[in-house]
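# Observations on the three-dimensional arrangement
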Amino acid sequence: MPQSPSARALAALMLLAVIWGYNWVVMKIALVDIGPFQFGALRTLFGALVLFGLVLAMRRPVRIVEMRAVALMGLLQTTGFTGLIILALVSGGAGKTAVLAYTMPFWVMLLAWPLLGDRLHGWQWPSAVATLVGLLCILDPLHLAGDLLSSVLATLAGVCWALAVIVAKRLQAREPDLDVLAIAAWQSLIGAVPLVVVALWWPAEPINWTPSLIGALLYNIVPGTVIAWLLWLYALRRLSAGTTSMVSLVTPVIGVLSAAWQLGERPGTGELAGMLLIGIGLLLLSAEAWRRGRAR
């Protein structure tokens, strides 16, 4: 049976969720043979070069305006987000790190109030409460032990990602016709530079070039970057923002399930309750976005 464009776009978005969800396990395995900043530098630098090759192959414009905003996005999303999640994965579980990093929509919702003047509406209020309680369950401030640092780093990664989204929203309002793929290439390249500098300065053991490490780098560069951006652009043009946000919730779920299956990660009772509450909060947030999109 021939599929409709919406069905194909939904399938593309689900495939993207699988690629990004399983990548948390891939990155965790890679860090056995390489330092965190070395991995982050190689992943982002080669990913940026491949994205520029894709821009040229698709005959997209390479030059873009608003380079300052794009550079800020690169520092927040590529340098900040990538550096923080890889540091978090060194001592923390892949599943929990994925859930905490994907609290990004929650932080966007909170930061959009003072920065964009977008107040909370409808289901956003119970979403904020559920997500906040879930974060407290995972961080467990009454018992400061275990991998608290890893949890804080993963949460800060979500904040960096959210700030990059805020910058992108402002940029889109000023320049609605900017090419998304070119922006992705530039922000990846600009954000990779600080990671390369830190990787050269940060003390680390020599890289152990095992097949698993090479496979992890190839996974991050080809499906995790190039194919992922093509799938994202294809789905974004054919699905509403509410639908894309709801399907994107599958990504951390796949991360948790993959970590449990391949790495044997078993979250404690408090962590599991926190993950469920965060999931409920993000689901309510996506439902509100879908409802507002339908109303418009």
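Everything discussed here concerns the structure shown above.
Residues numbered from 1 in each chain as written. Predicted model: local features only at pLDDT ≥ 70, side-chain atom pairs only at ≥ 80, totals over all residues. Heavy atoms only, no water.

## Thoughts on unusual backbone geometry
Backbone phi values are negative for most residues with the exception of glycine, while trans is the configuration of most peptide bonds. Here Arg59, not a glycine, exhibits a phi torsion of approximately 55°, which is positive. Relative to the helices and strands, Arg59 resides in the loop between helix 2 (36–57) and helix 3 (67–91). What makes Arg59 exposed here is its relative accessible area of 78%. (Helix = DSSP H or I, 4+ residues; strand = E, 2+ residues; numbered from the N terminus. Buried < 20%, exposed > 50% of the residue type's maximum accessible area, 1.4 Å probe, protein only.)

## What about the pattern of salt bridges?
In this structure the tally under the stated criterion is three salt bridges. Here Arg60 makes a salt bridge to Asp179, at a shortest N to O gap of 2.7 Å. You can see Arg60 sitting in the loop between helix 2 and helix 3 and its partner Asp179 sitting in the loop between helix 7 (148–174) and helix 8 (180–201), a full 119 residues away along the chain. Each member of the pair, Arg60 as well as Asp179, carries the same accessibility label: buried. Across the salt bridge formed by Lys96 and Glu271, the nearest N and O atoms sit 2.8 Å from each other. Within this pair, whereas Lys96 is found in helix 4 (residues 94–101), its partner Glu271 is found in helix 12 (residues 269–295), the two being separated by 175 residues in sequence. In this structure Lys96 comes out as buried when scored by relative accessible area, which is 6%. Judged by relative accessible area, Glu271 falls into the partly exposed class, the value being 23%. (Salt bridge = Lys/Arg side-chain N within 4 Å of Asp/Glu carboxyl O.)

## Brief notes about the side chain of Asp33
In this structure, Asp33 sits in the loop between helix 1 (5–30) and helix 2. Buried and without a salt bridge, Asp33 has Lys28 as its closest oppositely charged side chain, separated by 13 Å. A distance of 2.8 Å separates polar atoms of two side chains, one belonging to Asp33 and the other to Thr210. If we ignore the near neighbours within four places in the chain, the residues touching Asp33 are Pro206, Ile207, Asn208, Thr210, Ser212 and Leu213. (Lys, Arg positive; Asp, Glu negative; His and termini not counted. Polar contact = N/O pair within 3.5 Å; in protein donor to acceptor, adjacent residues only side chain to side chain. Contact = heavy atoms within 4.5 Å.)

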